[in-house]
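# Structural characterization, general
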Amino acid sequence: MSMDRSRLVRRGITLNYITIAYNSVEAIVSVTAGIVSGSVALVSFGVDSAIEVTSAGAAQFRLRSDKDQAKRQSAELWTHRIIGMSFLVLAAYVVADAGHSLWVREAPERSIVGIVLLVFSIVVMPVLARAKRKVAVLLGSRALEADATQTSLCAFLSVIALAGVALNAFFGWWWADPVAAIAMVPIIAKEGFEGVRGEPSCEDCSPQ
């Protein structure tokens, strides 16, 4: 493995450590705020953050297998599938939780902590995703690109969740919160199915 590739791998590992640390805090705060306020969108966003930790962990395995070309190929495939399955688990959870809230007309309370967290994530996650995608492209790894997409999706879901939480907080539109959560599902499911079907790229499987 070349020195340049070694530096890219180390950079990717560092970015994933940052992702794991940030998303761990994000998951705890978001789920706690969501449970306290009864916000499906916040809880769903917190679960997504926890899944992002799983995705980043799988990406770490892929990066640490980069030195060996044979291991790299196997790690690429399994990492892509694990990330894809994590997306599908999240999609199923959101449908069930948001659907239940709409059925019982469960109105969440205002959550200022949740709003602040979501605004912060909208700023932080795109920067992190951009840096991770650059490493993934230079390494020629679709699995790492999928992990970067998961990080980008976290930012997009922040916007959707913020819309639902804010509309409920300031206008009393209780239904906006679970509807915002359900709006996340097609995006999440699409990424999930693509990940489960994913194959390693030819560039990634060739000797470096």
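Residues numbered from 1 in each chain as written. Predicted model: local features only at pLDDT ≥ 70, side-chain atom pairs only at ≥ 80, totals over all residues. Heavy atoms only, no water.

### Some thoughts on the overall build of the protein
In plain terms, the rule: Runs of E in the DSSP output that reach at least two residues are strands. Runs of H or I that reach at least four are helices, and both are numbered from the N terminus. Each residue's exposure class comes from its accessible area (1.4 Å probe, protein chains only) as a fraction of the maximum for that residue type: buried when under 20%, exposed when over 50%, partly exposed otherwise. In what follows, residue pairs with any heavy atoms lying within 4.5 Å of each other are defined as contacts. Using a 1.4 Å probe, the Shrake-Rupley method yields the accessible areas, and only the shown protein chains count as cover for residues.
Scanning the protein from terminus to terminus reveals 8 helices and 0 strands. Tracing the protein from N to C terminus, the helices and strands come up as α-α-α-α-α-α-α-α. Here the protein holds 208 residues, and 51% of them are scored as buried. In the protein, once contacts between residues fewer than 6 apart in sequence are set aside, the share between residues at least 24 apart is 81%. For the protein, the accessible area works out to roughly 9,600 Å², and carbon and sulfur atoms hold 69% of it.

### With respect to the pattern of salt bridges
The condition that has to hold: Counted as salt bridges are all cases of a side-chain nitrogen of Lys or Arg within 4 Å of a carboxyl oxygen of Asp or Glu.
For the structure on display, the rule yields 3 salt bridges. R7 is the salt-bridge partner of D4, the closest N and O atoms lying 2.4 Å from each other. Here D4 and its partner R7 are both found in helix 1 (residues 3-37), 3 residues apart, which amounts to about one turn of the helix. Using a relative accessible area of 42% as the deciding quantity, one classes R7 as partly exposed. With a shortest N-O distance of 3.4 Å, E52 and K132 are connected by a salt bridge. In this pair, E52 sits in helix 2 (residues 40-64) while K132 sits in helix 4 (residues 112-139), placing the two residues 80 residues apart along the sequence. As far as burial versus exposure is concerned, E52 and K132 are alike and both buried.

### Here we look at the confidence of the model for the protein
Note the following rule: pLDDT measures the predictor's confidence residue by residue and takes values from 0 up to 100.
Averaged over all residues, the pLDDT of the protein is 80; the fraction at 70 or higher stands at 90%. Across the protein, the element-wise mean pLDDT spans from 42 in helix 8 (residues 202-205) up to 90 in helix 4. A low-confidence stretch, residues 200-208 stays under pLDDT 50, and its non-local contacts, those more than four residues away or across chains, total 24 contacts.

### Quick look at the nonpolar core
Put simply, the test is: Nonpolar cores were defined as sets of buried Ala, Val, Leu, Ile, Met, Phe, Trp, Tyr and Cys residues, with membership established by side-chain atoms within 4.5 Å.
Residues L118, L139, L157 and I188 are the most contacted members of the largest nonpolar core, which totals 44 residues. Going through the elements one at a time, helix 1, helix 2, helix 3 (69-104), helix 4, helix 5 (142-171), helix 6 (176-183) and helix 7 (185-197) are the ones with two or more residues in this core. Sort the elements by how many residues they give to this core and helix 5 lands first, with 11 residues. Among all residues touching L118, those that are not within four sequence positions of it are L42, F45, S158, A161, L162 and V165.

### Structural notes on the side chain of T151
The test is simple: For the purposes of these results, a polar contact is taken to be a pair of N or O atoms within 3.5 Å, where, inside protein, one atom must be able to donate a hydrogen and its partner to accept one; residues adjacent in sequence count only when each atom of the pair is a side-chain atom.
Here T151 shows up in helix 5. There is a polar contact of 2.6 Å between the side chain of T151 and the side chain of E52. Those residues in contact with T151 that sit more than four places away from it in its chain are T19, E52, M125, L128, A129 and K132.

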